[in-house]
Every structure is written in structure tokens, then in C-alpha cells.
Amino acid sequence: MAWKIPLFKTHWQQDNIDAVTKVITRGSYWATGPEIEEFEQELAKFNNQKYAVTFNSGTSALHAMYLAIGVKDKEVIVPSFTFVATANAVVAAGGIPIFAESEEETFGLDAEDVKKRITKNTKAIVALHYAGGVSKDIEKLQQLAKEHNLILLEDNAHSLGVKKNNQLCGTFGTAAALSFCQNKLITTGEGGAVITNDKLIYEKLKLLRSHGRVETGVDYFSHTGDNDYIDIGYNFRMPTMNAALGLSQLKHFQETMDLRIITGNYLNQHLKEITKLKIPQPYENSDHFYQMYTITLKDQATRDALQKHLEQKQIMSKVYYNPSHLKTFYTKNYNYKTGDLPKTEAIANKILTLPIYPGMPQKECEDIINAITEFFQ
Ligand SMILES: Cc1ncc(COP(=O)(O)O)c(C=O)c1O
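Rules and cut-offs
Throughout, residues of each chain are indexed from 1 in the direction in which the sequence is written. In keeping with the model being predicted, local features are shown solely for residues with a pLDDT of at least 70 and side-chain atom pairs are shown and tallied solely at 80 or more, while totals for entire chains, interfaces and linings include all residues. Side-chain metrics in this entry use all non-hydrogen atoms of the structure; hydrogen atoms and water are not considered. Proximity is defined per residue: any heavy atom of the residue falling within 4 Å of a molecule or strand makes that residue near it. We call two N or O atoms a polar contact when they sit within 3.5 Å, provided that within protein one can donate a hydrogen and the other can accept it, with sequence-adjacent residues counted only if both atoms are side-chain atoms. Note that accessible areas follow from Shrake-Rupley with a 1.4 Å probe, and for residues the cover is restricted to the protein chains shown. The helix and strand labels rest on DSSP assignments: H or I over at least four residues marks a helix, E over at least two residues marks a strand, and numbering proceeds from the N terminus. Residues are grouped as follows: Ala, Val, Leu, Ile, Met, Phe, Trp, Tyr, Cys and Pro are nonpolar; Asp, Glu, Lys and Arg are charged; every other residue, Gly included, is polar. In what follows, a disulfide is any cysteine sulfur pair within 2.5 Å. Between rings of Phe, Tyr and Trp, where Trp is taken as its six-membered ring, a pair exists when centres lie within 6.5 Å; planes separated by under 30 degrees are stacked, by over 60 edge-to-face, and by other angles tilted. For the exposure calls, accessible area comes from a 1.4 Å probe over protein chains only, and a residue counts as buried if that area is under 20% of its type's maximum, exposed if over 50%, partly exposed in between. A ring has a charge above it when a Lys NZ or an Arg CZ is no more than 6 Å from the ring centre and no more than 35 degrees off the ring normal. Whether two strands pair comes down to DSSP finding at least two bridges between them. Interaxial angle, 0 to 180 degrees, is taken between N-to-C directions of lines fitted to C-alpha atoms, where a helix line uses only the stretch in contact. In what follows, a contact means two residues having at least one pair of non-hydrogen atoms within 4.5 Å. Buried residues of nine kinds, namely Ala, Val, Leu, Ile, Met, Phe, Trp, Tyr and Cys, make up a nonpolar core once their side-chain atoms join them within 4.5 Å.

1. A closer look at the site of the ligand
Turning to step 1, where the next piece is worked out: Taken together, 17 residues lie around the ligand, and Gly 58, Thr 59, Asp 155, Ser 179 and Lys 184 are the ones closest in.
Turning to step 2, where the next piece is worked out: Note that a nitrogen atom of the ligand is positioned 2.7 Å from one of the side-chain N or O atoms of Asp 155.
Turning to step 3, where the next piece is worked out: His 158 places a polar side-chain atom, nitrogen or oxygen, 2.8 Å from an oxygen atom of the ligand.
Turning to step 4, where the next piece is worked out: Look at the ligand: alone it shows 380 Å² of surface, and the protein chains cover 91% of it.
Turning to step 5, where the next piece is worked out: The set of elements that each furnish at least two residues to the shell around the ligand consists of helix 3 (58-69) and helix 4 (85-92).
Turning to step 6, where the next piece is worked out: Its residues assigned to classes, the shell around the ligand comprises 7 nonpolar, 8 polar and 2 charged.

2. Section: the state of the cysteines
Turning to step 1, where the next piece is worked out: If you walk through the whole model with that rule in mind, you get 0 disulfides.
Turning to step 2, where the next piece is worked out: Of all cysteine sulfurs in the structure, the one in Cys 169 sits closest to Cys 181, which takes part in no disulfide; the separation is 19 Å.

3. A few points about the packing of aromatic side chains
Turning to step 1, where the next piece is worked out: In the structure shown here, the tally under the stated rule is 20 aromatic pairs.
Turning to step 2, where the next piece is worked out: Between Tyr 51 and Tyr 202, the ring centres sit 4.2 Å apart and the planes meet at 15°, which makes this aromatic pair stacked. Taken as a pair, Tyr 51 in strand 1 (residues 51-55) and Tyr 202 in helix 7 (residues 199-209) lie far apart in primary sequence, 151 residues in all. You'll find Tyr 51 and Tyr 202 in the same group, each marked buried.
Turning to step 3, where the next piece is worked out: Both rings, one in Phe 107 and one in Tyr 130, keep their centres 5.3 Å apart while their planes meet at 90°; by these two values the pair is edge-to-face. Here the residue Phe 107 occupies a position in the loop between strand 3 (96-100) and helix 5 (111-116), and Tyr 130 occupies one in the loop between strand 4 (122-128) and helix 6 (138-147), the gap between them amounting to 23 residues.
Turning to step 4, where the next piece is worked out: Phe 107 sits in the buried class, given a relative accessible area of 7%.
Turning to step 5, where the next piece is worked out: Overall, Tyr 130 belongs to the buried group, its relative accessible area being 4%.
Turning to step 6, where the next piece is worked out: Positioned above the aromatic ring of Tyr 220 is the side chain of Arg 213, whose terminal nitrogen or guanidinium carbon lies 3.9 Å from the ring centre.

4. Quick word on the sheet that holds strand 5 (residues 151-155)
Turning to step 1, where the next piece is worked out: If you walk across this open sheet you meet the 7 strands as 1-9-8-5-4-2-3, and the pairing is mixed. With partners counted over all chains shown, the strands left at the sheet margins are strand 1 and strand 3, one partner each. Each strand of the sheet is rotated relative to its neighbour by a mean of 25°, with strand direction disregarded.
Turning to step 2, where the next piece is worked out: Relative to strand 9 (residues 192-196), strand 8 (residues 175-179) is paired through 5 bridges, and the arrangement is antiparallel. Paired with Ala 177 across the bridge in strand 9 is Val 194.
Turning to step 3, where the next piece is worked out: Where helix 2 (residues 34-46) meets the sheet, it contacts strand 1, strand 8 and strand 9, and its direction lies at approximately 130° from that of strand 1.
Turning to step 4, where the next piece is worked out: Each of strand 1 and strand 9 touches helix 7; the most contacted strand, strand 1, lies at about 20° to it.

5. Observations concerning the nonpolar core
Turning to step 1, where the next piece is worked out: Residues Tyr 130, Leu 271, Leu 277, Tyr 293, Leu 354 and Ile 372 are the most contacted members of the largest nonpolar core, which totals 39 residues.
Turning to step 2, where the next piece is worked out: Per-element tally for this core: the top contributor is helix 13 (residues 362-376), with 6 residues.
Turning to step 3, where the next piece is worked out: Apart from the residues lying within four places of it in its own chain, the contact partners of Ile 372 are Leu 271, Ile 274, Leu 277, Leu 306, Leu 310 and Leu 354.

Distances and angles like these do not, on their own, reveal function.
Right under this line is the structure:
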């Protein structure tokens, strides 16, 4: 379907083209090029962390992060209200995902519920910062992890550079996974990274990313000798063109976020008049960069009817997210069923993600606002 207003458009500038062109026309090092390390250094600096390791997707970043802390046969508490990769990567790494509830305010993991799900076999808790906002309970999750000697990880696919009480999302736990998929705050088309202050994790990530290969200090493609392989690993490497693209996207981070915030504020300003829906707003002492713009309706019938109404006007919307625990893989293999996570299911039934992207024209904002206003009249 050709949408008059798509859910998002990818923000780019001439710099992005120049950066990628430079790598392509170099005619060498399209893989393992110097831009990768440069992007990692900039990412680490940007996130105020010692280390960053890039990956070819956010999913492989999550997968490697779980492998690096060692989750085999261990329980990992994850939100169900997230993209399914948060849990799938636990399974891929040999762990057991235990779904916990999310809270209604910021749609992050609910610390009270997480507490109930901790067992002797729990290894880690994975927090989510949703849609360019922050997780309201992140400090409580930090405290829980500390008390129970668990590792706190963050799936920070959505909230790069977002601060809560002056602390960056992705720096509350031991390590965090980032995604640079095309709808994220910065994008390389596909791509991801793990950030951490932990040297051991950093070293494991580098091994896992490249077949368990021991690097000799000289790039693999630049020396005549043989390498040793000391572990099972993958080819999870980010191509050099993507790293160059990421570097140039990161340079424009603030101006891109300002454009998102202008649009988010504009939608909020007008949609807050409609008392029958709840708008996404920054949590106290926190940023919101509107990676997505998700509203909450009274109930599922209203939400579904609104989605249909928007569709008739060729305005795209989507449910981000339907619960992961109710996807067939988890109902079939882990016996999850409707009713297991009532809070999460209630959230998922009521929310609707509307279009937003940097530089979205005012006319599109107005079309969305008018369509929703009309619906409630
Ligand atoms: C919360 C969350 N985690 C993980 C991922 C996976 O990232 P990728 O698509 O880069 O593999 C996504 C991507 O959409 C996501 O939204």
C-alpha cells in the first residue's frame, strides 16, 4: 500500500553519501576498514563508556552480549513488550528467556514484577528504554540486580543519547546493545553495537564477532600469516560502508534529535487537547527523542477503530509491540498463553504508534491531528 504518510522516513544528508562514497571509491577495505574502529571510538566517547564493539545488526549485538556474559541454561528476565529480538537472542545464546511485565508510564520493565521472577537460576535482567524515552524503573532494576548478584543489561536500541537524571540510557547496566536499523535515532541501514566499561566483556565480544579469531595486531586481510581461532564465533562484523555512514550520522546527532523533538512537541501540543488519548511525554528529569510516537487509547476496540480510520486516510500506524510471549515460538515451546502477563497484554491492546521522523512536514502533522480529531468527533 502506498501510504500518504508512512510510519517513518530515514533522515540523511550529503555527508552520508560522501562518507560511503569515500569507502567505496577507495576500492579496498569494504570490510574491516579503519572507519569501523573510528566509529567504535566515537560511539564509546558519545556514550561515556570505555568500549564499543560494532555488529552487523542490533540482534547480533544482543546475541553476542548474552554470549559474552554467559547465559547458557540460565534464566534471563526480559520484557515481553519489546521487539522479539530481545528474547530471541537469549534463546540463540542458549539461555532461557523469562518474560516480565512492563509498566504503563514509560513502557519499561516493571521492577516489582521482575523481583517476583528472580530464581536461583537467574543470571541477568534486560531493561528496555522504549521509543526514545527512558525506563522509569531503571534505578530500581539496578538495585535489584545488585541485591541478587545479577547482571543488568540494557536493550538500548531505541534511546541512544537519551538521558535520565543526567545519566545516559545504556550506561545503567554492565553492557548495552544498540541498533542502527533504518528507523532508529541514527542508522546505518542495518547495524548494531555493544557498549560497556568491562574489559573482559569487550574482549569476548571481539572474539565472538569474528569466528573466535585471535587478532595479531595487523588486520586479517593485511598480513601473510595464519591466525589462531580459540573459540566458536560468528561473522557478526559491520561492513566498513555502514561504519562510515554511522560516523557521519553521529556527527549530526543533535540536529537530527532537535528535528524529532520539534515534531514530537508539535504533535503533543495538539493531541493533548484530546482527552480520550494519552500522549508520549518525557518522563521527569528525562529526555524524549521520539524514536517512535506511541499514544495510548482507552481500550482495544477504540485503538483498532482508530487504526482503521487512519488507514482509510492512508496514514500508517502500527502496534509496537504486541507481546513477545504470545508469539507462536514462545506459546509453542515455552507454553506461554494469553493472561500470563496481564499488564503487558493490556498495554499492547491499547497503544498505537503514529508516524514520526526528523523533518516531518507540518502538513503531515496536521493531517494526523485532524484525522484523530475527526475520529473522536
Ligand atoms: C528493542 C529492540 N531490540 C532489538 C532490536 C533488533 O535490532 P536490529 O533490527 O538492528 O537487529 C530492535 C530493532 O528493531 C529493537 O527495536
